Amino acid sequence: MILEKKNMAGRILLLLLCMNVVSFIVNAAPQTCPADLGGKCSEDSEWEGEFFPGIPKIKYEGPSSKSPLVYKWYNAEEEILGKKMKDWLRFSVAFWHTFRGTGADPFGAPTKFWPWEDGTNSIAMAKRRMRANFEFINKLGVDRWCFHDRDIAPDGKTLEETNANLDEVVALAKELQGDKIRLLWGTAQLFMHPRYMHGGATSSEVAVYAYAAAQVKKAMEVTHYLGGENYVFWGGREGYQSLLNTDMERELDHLARFLEAAVAYKKKIGFNGTLLIEPKPQEPTKHQYDWDAATTANFLRKYGLLGEFKLNIECNHATLSGHSCHHDLETARINGLLGNIDANTGDPQIGWDTDQFLTDIGEATMVMLSVIRNGGLAPGGFNFDAKLRRESTDVEDLFIAHISGMDTLARGLRNAAKLIEDGSLAELVRKRYSSFDSEIGAQIEAGKADFEMLEKKAMEWGEPKVASAKQELAEMIFQSAL
């Protein structure tokens, strides 16, 4: 009896094991013909039909519309302060968050399984994603996109194979761009692969430094080939975890040499786009060397690179560094370095880079005040370095999120124009500093007032009368435009 029970238990265990093996094989098999959106893929992996059936081309209907799939504030051809909205905003779709975002986070597995995905990272899948990207761009009605190299094409076994993969996908992108769509910028992903755990340009390993240079070289070449208007450097791992084992001075020198080499290669290949550095204070490193706009400006000034680079300001990065987005934009602008904006925001209750779509009208208005004062962003623009929330899993959510982000910035543009045309806020600021519109004020601002002269004036004037800053009035005027 005992023997029979043991045999029965053994047979049950064997059956369960076989079922698990079969289940693993079925689940591991790549999905070859997803069809829940009405499209299908043939034997050569070409997708047939639309990627976004049922989603119309997004049009402007105005603020009274109740449809989530229309623009309520963004009217591309409408002129604001003498320039079309599309030229002020120069919107761009970010390939990585839009087509490679999975919804995964440090605590959970992916939640997004788009119908065109087959579960692989093959060249065929990369091409399918690229076709989906351009259908999305066309339906959204924007004319720019941007990418990281490893997000659009898979790594190969060697650098040569990896470059060949990138060339194949980029050739398709060139074809799909046509004459109407432009590449806002390209960049190299120097942070995900284990080889970059110590950084790329600041790695302690010379072989990694060389590999990073080769990867950037190739990324600059394909950006140039695609007619890119800019090229971005984001150094997510260019920093340190501890100063105890770090030669910070040497790493900063290496980073400068790396950027100098990039400038030289840009000129060698005839790339006329703007080189952009994207500041971020930390994450994934404890300290990133381009902490904020001011730190990066000082780095460029120290190494004689001020005339070669501008800044790509990301709003969520600015808040992580302890500033507002408006602060970093103004810091970049007054230093002549504002080149592009990663349009996103973070959550004030969460201490990391959440990359949410910007929907705060007040913040968008302040952002657009900086853009207008800068005379625009061209050849830069606004790219949506923003991702759907983990819980948003419908294909239409991709459109809704971008529409909301674009409408928010368009509304910010309208509000900023209203403030400028009204003039009350500018007049308040002018009056606050009006004491410097005097003869002695002009001498100070011209650098012609020494301490002896100023001491004499202080004795002549006596105790200064200090006027109100009128902060509450400034906030009232600002809020009235929203």
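As the structure is a computational prediction, the values presented were derived from the model and not from experiment.

S.K.: For this particular structure, what's the right way to read the state of the cysteines?
M.R.: Between two cysteines, a covalent bond joining their sulfur atoms is known as a disulfide. Enumeration over the complete set of coordinates arrives at one disulfide. Residue pairing for Cys315: its cysteine sulfur links by disulfide to Cys325, the two sulfurs lying 2.2 Å apart. One quick way to see it: the torsion about the S-S bond of Cys315 and Cys325 is about -50°, and its sign makes the bridge left-handed. A residue pair is termed long-range when its members are at least 10 positions apart, and Cys315 in helix H10 (residues 315-320) and Cys325 in helix H11 (residues 325-334) qualify at 10 residues. Residue classification places Cys315 among the buried residues on the basis of a relative accessible area of 3%. The class for Cys325 is buried, based on a relative accessible area of 1%. The thiol sulfur of Cys146 is not disulfide-bonded, and the nearest other cysteine sulfur, from Cys315, lies at 15 Å.

S.K.: When you look at the pairing of strand E6 (residues 144-148) in this model, what are you seeing that I'm missing?
M.R.: Every other side chain in a regular strand lies on the same face of the sheet, so the side chains alternate between the two faces. Summarising burial for E6: five of the five residues are buried, a large majority. Neither face of E6 is open: one carries Arg144, Cys146 and His148, the other Trp145 and Phe147, and all of them are buried. In terms of strand pairing, strand E5 (residues 91-94) meets E6 through two bridges, oriented parallel. The partner of Ala94 across the bridge, within E6, is Cys146. With five bridges connecting them, E6 and strand E7 (residues 182-187) associate as parallel partners. Its bridge partner being in E7, Cys146 is matched across the sheet by Trp185.

S.K.: Any chance you could explain the pairing of E5 here in plain terms?
M.R.: Of the two faces of E5, the one holding Phe91 and Val93 and the one holding Ser92 and Ala94 are both buried throughout. Sheet topology note: the E5/strand E14 (residues 382-383) ladder contains two bridges and is parallel. The residue of E14 that forms the bridge with Ser92 is Asn383.

S.K.: For this particular structure, what's the right way to read the packing of helix H7 (residues 206-225) against helix H8 (residues 248-269)?
M.R.: Packed helix pairs are characterised by how far apart their axes lie and by the angle those axes make with each other. It is at 11 Å that the axes of H7 and H8 come closest, and there the two elements cross at 30°. With respect to each other, H7 and H8 are oriented roughly parallel. Handedness of the H7/H8 crossing: right-handed. Along its contact with H7, which presents Tyr209, Ala212, Ala213, Val216, Lys217, Met220, Glu221 and His224, the element H8 presents His254, Arg257, Phe258, Ala262, Tyr265, Lys266 and Ile269. Counted by class, the contact of H7 with H8 contains nine nonpolar, two polar and four charged residues.

S.K.: Looking at this structure, how should I read the sheet that holds E5?
M.R.: To summarise the sheet geometry, strands pair through backbone hydrogen bonds and adopt either a parallel or an antiparallel arrangement. An order of E5-E6-E7-E8-E10-E12-E13-E14 is seen for the eight strands of this closed barrel, with the pairing classed as parallel. Along the sheet, helix H9 (residues 293-302) contacts strand E10 (274-277) and strand E12 (309-314); its crossing angle with E12, the most-contacted strand, is approximately 165°.

S.K.: Help me understand the side chain of Arg129 in this model?
M.R.: You can see Arg129 is positioned in helix H4 (residues 123-140). Ignoring anything within four residues of it in the chain, the contact list for Arg129 reads Phe95, Phe99, Arg100, Glu117, Thr120 and Asn121.

S.K.: Just checking my understanding: could you explain the packing of aromatic side chains for this structure?
M.R.: The geometry of an aromatic ring pair is captured by two quantities: the separation of the ring centres and the angle between the planes. Tallied over the entire structure, the rule returns 25 aromatic pairs. Centre to centre, the rings of Phe95 and Trp145 are 6.5 Å apart; their planes meet at 65°, and the pair counts as edge-to-face. Of the two residues, Phe95 is situated in helix H3 (residues 95-100) and Trp145 in strand E6; the sequence distance between them amounts to 50 residues. Each member of the pair, Phe95 as well as Trp145, carries the same accessibility label: buried. Geometrically, the ring pair formed by Phe191 and Trp234 is edge-to-face, given 5.0 Å between the ring centres and 75° between the ring planes. Of this pair, Phe191 sits in the loop between E7 and H7 while Trp234 sits in the loop between strand E8 (230-233) and strand E9 (239-240), and the two are 43 residues apart along the sequence. A residue is classified by how much of its surface remains accessible, and Phe191, at 17% relative accessible area, is buried. Among the aromatic side chains, those forming a connected cluster through ring pairs are Trp47, Phe51, Phe52, Phe95, Phe99, Trp114, Trp116, Phe134, Phe136, Trp145, Phe147 and Phe399. Here Lys83 stacks its cationic end above the ring of Trp88, 4.1 Å away from the centre of that ring. For the cation-ring pair, Arg195 lies above Tyr211, with the distance from its terminal atom to the ring centre recorded as 3.9 Å.

S.K.: Would you take a moment to explain the pattern of salt bridges for this structure?
M.R.: Opposite charge on two side chains allows them to pair when their charged atoms are near. Throughout the structure, instances matching the rule amount to 24 salt bridges. For the salt bridge of Glu50 with Lys139, the shortest nitrogen-to-oxygen distance reads 2.8 Å. Here Glu50, found in the loop between strand E2 (47-48) and strand E3 (79-80), pairs with Lys139, found in helix H4; they are 89 residues apart in sequence, far enough to count as distant. Put simply, Glu460 and Lys457 hold a salt bridge, and the shortest N to O gap is 3.7 Å. Placement of both Glu460 and Lys457 in helix H16 (residues 451-461) is noted, with a separation of three residues, approximately one turn of the helix. Classification of Lys457 by relative accessible area gives partly exposed; the value is 26%. Each of Arg90, Asp143, Arg144 and Glu229 takes part in a single network of salt bridges with overlapping partners.

S.K.: Where do I start with the side chain of Lys266 in this structure?
M.R.: Among the secondary structure elements, Lys266 is positioned in helix H8. Buried and unpaired, Lys266 has no salt bridge, with Glu308 as the nearest side chain of opposite charge at 5.3 Å. A polar side-chain atom of Lys266 sits 2.9 Å from the main-chain carbonyl oxygen of Gly273. Ignoring anything within four residues of it in the chain, the contact list for Lys266 reads Met220, Phe271, Asn272, Gly273 and Leu275.

Parameters and conventions
Residues numbered from 1 in each chain as written. Predicted model: local features only at pLDDT ≥ 70, side-chain atom pairs only at ≥ 80, totals over all residues. Heavy atoms only, no water. Disulfide = S-S within 2.5 Å. Helix = DSSP H or I, 4+ residues; strand = E, 2+ residues; numbered from the N terminus. Buried < 20%, exposed > 50% of the residue type's maximum accessible area, 1.4 Å probe, protein only. Pairing = 2+ DSSP bridges. Axes fitted to C-alpha atoms, helices over the stretch in contact; angles between N-to-C directions. Parallel < 35°, antiparallel > 145°, perpendicular 65-115°, else oblique. Left-handed = near helix turned anticlockwise from the far one by under 90°. Contact = heavy atoms within 4.5 Å. Nonpolar A, V, L, I, M, F, W, Y, C, P; charged D, E, K, R; others polar. Phe/Tyr/Trp six-rings, centres within 6.5 Å; stacked < 30°, edge-to-face > 60°. Lys NZ or Arg CZ within 6 Å of the ring centre and 35° of its normal. Salt bridge = Lys/Arg side-chain N within 4 Å of Asp/Glu carboxyl O. Lys, Arg positive; Asp, Glu negative; His and termini not counted. Polar contact = N/O pair within 3.5 Å; in protein donor to acceptor, adjacent residues only side chain to side chain.

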